[in-house]
Amino acid sequence: MKQPYDIEKLNVMTWLRFPLILGVVLSHSNLYGLVELWEGAAPDWPAWLIYIFKELYKIILPLRVPTLFIISGYLFFRSQKPRDKGFFIYKYKRRIHSLLIPYLAWNTIAIAILFARYNIAGGENYTMTEYLSGYWDLSLRDGEDPADGPLWFMRDLMVVSLLAPLLNTILRKRKTGILFLILVTLLDSAKIYIPLTGFSNTAILFFSIGAYLALHDIDFTHIPKAIGITALILYIPSQIVLNNMSDSSAYISATYDLTGIIKTIATFYIVSLLFRKKVLSPTPRLTKLCFTLYALHGIVVGPIIKTLYYHIPHNHNPIVLLAIYIMTPLAIVALTALIQSKLRLYMPGAAKILTGNR
C-alpha cells in the first residue's frame, strides 16, 4: 500500500491527538473548582494540591487548543492537487460528515439530558428557545458554549473552515500570508475581536498557521535543532508566566499566543525527534477514541467527578483527593472505550454518526 506523501507529519499529528484531548479532559476535571461551584465556597485544601488541579496540567501538556487548530488547518489544506473549487467542495462534503452531523448529534444528546434533568430530576428549567440555542451557544442562560460545552471547538472550527477559500487566497503567497498571521496576532493581542460567537481569533490564527504550513509544504517534523532546543528551554517558563497572569492583564492575549507558538514548536520538535529515534510509534487504538472522548467527556465529567467525590470516603485527605483527580480521566477513557465498542458492535449506524465516521 502506497504511503501518504507526508507520512511523517501525519504520524506526529495523529500521535499528538490523544494527549491533547486528554489535556482537555484534565482541564475540565478541576476538582477544586467544581467543589467550589457545588458547595458555594472554596474548599480549604493544601496550596500544592490546588496548584495540581488548576495549573500543573497546563505546564506538562502541550497548549491544547492552539495545537489542535494548527493540526486542523494543516489537514484541511494538505493536498498535492490544485486547491480549486472542486477541492473546497470535496472538503466541505467531508466536513459535513466528520464535523457538522456529529456536532448536531452530540448537542442533541446534551439538550435531551438538560430536558430530562428538569422533567425527571427537578433541575433548572429552560425555555424552548433556550434549549434550541444549545446547538450554537447557551448565551441566553449559561454562556457562549453549546449544550455539549467542549464542542465550542468544533463550532469555531466549522466557522473558520468556511473561510478557507479566502484564507487560501491570502496565505498561498508567502509574504501576504506572513503579514496576515502577524495582523491576526496583533488584533488578538489587542483584544480586538469579531463580536460574533464562533468567530474566534484563536481559531483564525492557529488554523491559518496550520494552513500556511500545508500550503507551503513546510516540514515541521524537521525543525532546526537550535529553534527546537530554544523552544524546549522556554516551554515551562513561558507557561508559568502565563499561569501567573490575571485574566484582566493587558498582555494576557499576547502572552497566550506567544506561549502557544513556543509550546507548539517544542512539542512538534520533541515528538518528531522521538519518532525518528523509534521511541514513539503510532497509537491507532487511542487515536480512534479521540473524537468520542472529546465529545462525550463534556457530558459525563461532572457526574463522574461528583460520584467519586461524594461516594469515596476522603475527609479532605489530599492523597485521596489526588487519587480521585487521577481516576476521573481514566474512568472517562474507559467509559469512552466501552461505549464506542458497544455502539460499533450493536449500533454501527449510530457509531458512524457519533464518531463522524472515524
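Cut-offs applied
- Residues numbered from 1 in each chain as written.
- Predicted model: local features only at pLDDT ≥ 70, side-chain atom pairs only at ≥ 80, totals over all residues.
- Heavy atoms only, no water.
- Helix = DSSP H or I, 4+ residues; strand = E, 2+ residues; numbered from the N terminus.
- Buried < 20%, exposed > 50% of the residue type's maximum accessible area, 1.4 Å probe, protein only.
- Contact = heavy atoms within 4.5 Å.
- Salt bridge = Lys/Arg side-chain N within 4 Å of Asp/Glu carboxyl O.
- Core = buried A, V, L, I, M, F, W, Y, C linked by side-chain atoms within 4.5 Å.
- Polar contact = N/O pair within 3.5 Å; in protein donor to acceptor, adjacent residues only side chain to side chain.
- Phe/Tyr/Trp six-rings, centres within 6.5 Å; stacked < 30°, edge-to-face > 60°.
- Axes fitted to C-alpha atoms, helices over the stretch in contact; angles between N-to-C directions.
- Parallel < 35°, antiparallel > 145°, perpendicular 65-115°, else oblique.
- Left-handed = near helix turned anticlockwise from the far one by under 90°.
- Nonpolar A, V, L, I, M, F, W, Y, C, P; charged D, E, K, R; others polar.
- Patch = residues over 30% accessible without salt bridge, like charges linked within 9 Å, V, L, I, M, F, W, Y side chains within 5 Å.
- Areas by Shrake-Rupley, 256 points an atom, 1.4 Å probe, with all protein chains shown as cover.
- Expected span 1.5 Å × (residues − 1).

I would appreciate a short explanation of the overall build of the chain in the present structure.
In terms of regular secondary structure, the chain is built from 15 helices and 0 strands. The principal-axis extents of the C-alpha atoms in the chain amount to approximately 55 × 45 × 45 Å. The buried share of the chain, taken over its 358 residues, is 49%. In the chain, of all internal contacts separated by at least 6 residues, the share reaching a separation of at least 24 is 73%.

Just to check I follow, could you spell out the pattern of salt bridges for this structure?
Pairing between side chains of opposite charge can happen when their charged atoms approach one another. Tallied over the entire structure, the rule returns 4 salt bridges. Between D217 and K9 there is a salt bridge whose closest N-O contact spans 2.9 Å. Taken as a pair, D217 in the loop between helix 10 (201-215) and helix 11 (225-243) and K9 in helix 1 (residues 7-27) lie far apart in primary sequence, 208 residues in all. Relative accessible area serves as the criterion here: at 6%, K9 is assigned to the buried category. Between K58 and E55 there is a salt bridge; the shortest N-O distance is 3.3 Å. Note that K58 and E55 are positioned in helix 3 (residues 47-60) at a spacing of 3 residues, about one turn of the helix.

How do you make sense of the nonpolar core when you look at a structure like this?
A general trend in soluble globular proteins is that nonpolar side chains are found buried together. If you look at the biggest cluster of nonpolar residues, it comprises 96 residues, and the most contacted ones within it are L31, W45, F77 and F268. Sorting elements by how many residues they give to this core places helix 13 (residues 284-311) first, with 14 residues. Beyond its immediate sequence surroundings of up to four residues, W45 is in contact with L31, Y32, V35, I50, F53, Y309, H316 and L321.

Is there a simple way to think about the side chain of S272 in this case?
Structurally, S272 is set in helix 12 (residues 252-276). Engagement of the side chain of S272 in a polar contact is seen with the backbone oxygen of F268, the distance being 2.6 Å. Leaving out residues up to four positions away in the same chain, S272 has contacts with V12, F220 and T221.

Help me understand unusual backbone geometry in this model?
Phi at D217 takes a positive value of approximately 50°, unusual for a residue other than glycine. A positive phi is found at N315, a non-glycine position, where the angle reads about 50°. With respect to the secondary-structure elements, N315 resides in the loop between helix 13 and helix 14 (318-346).

Just checking my understanding: could you explain the environment of Y32 for this structure?
Within the secondary structure, Y32 is located in helix 2 (residues 31-39). Residues Y32 and A42, spaced 10 residues apart in sequence, show a C-alpha to C-alpha distance of 7.5 Å.

Help me out: how do you make sense of the packing of aromatic side chains in this one?
Note on aromatic pairs: each is described by the distance of the centres and the angle between the planes. What the rule picks out here adds up to 21 aromatic pairs. Note on Y32 and W45: the rings are 6.1 Å apart at their centroids and 65° apart in plane angle, and the pair reads as edge-to-face. Within this pair, whereas Y32 is found in helix 2, its partner W45 is found in the loop between helix 2 and helix 3, the two being separated by 13 residues in sequence. Classification of Y32 by relative accessible area gives buried; the value is 12%. Here F77 and F207 contribute two aromatic rings whose centre-to-centre distance is 6.2 Å and whose plane-to-plane angle is 65°, an arrangement assigned as edge-to-face. Linking F77 in helix 4 (residues 64-77) with F207 in helix 10, this pair joins segments that are 130 residues apart in sequence. In terms of burial, F77 and F207 fall into one category: buried. Taken together, Y32, W38, W45, F53, Y309, Y310 and Y325 form an aromatic cluster joined through their ring pairs.

Help me understand the packing of helix 8 (residues 164-171) against helix 9 (residues 174-189) in this model?
Each pair of packed helices can be summarised by the angle the axes make with each other and by the distance between the axes. It is at 7 Å that the axes of helix 8 and helix 9 come closest, and there the two elements cross at 120°. Residue-level contacts link L167, I170 and L171 of helix 8 to T176, G177, F180 and L181 of helix 9.

Looking at this model, I keep getting lost on the packing of helix 8 against helix 10. Mind explaining?
One way to put it is that helix 8 packs onto helix 10 with a least axis distance of 10 Å and a crossing angle of 60°. In this view, helix 8 runs oblique relative to helix 10, as classed from their interaxial angle. By crossing handedness, the relation of helix 8 to helix 10 is classed as right-handed. The residues of helix 10 that touch helix 8, namely those facing L167, N168 and L171, are F207, S208, A211, Y212 and L215. Each residue belonging to the contact of helix 8 with helix 10 can be placed in one class, and the counts come to 6 nonpolar, 2 polar and no charged.

Help me understand a nonpolar patch on the surface in this model?
Taken together, the side chains of Y51, L56, I60, I236 and I240 make up a nonpolar region of the molecular surface, amounting to roughly 420 Å² of accessible area. The set of elements that each furnish at least two residues to the nonpolar patch consists of helix 3 and helix 11. Here the element with the most residues in the nonpolar patch is helix 3; it accounts for 3 residues. On the secondary structure map, I60 appears in helix 3.

Mind showing me how you'd approach helix 10 here?
Given 3.6 residues to a turn, an α-helix orients residues that are three or four positions apart in the same direction. When the terminal C-alpha atoms of helix 10 are compared, their 20 Å separation across 15 residues agrees well with the 21 Å that a helix rising 1.5 Å per residue should span. When you tally the buried positions in helix 10, you get 15 out of 15 residues, the bulk of the element. Two residues or fewer after helix 10 comes D217, characterised by a positive phi angle close to 50°.

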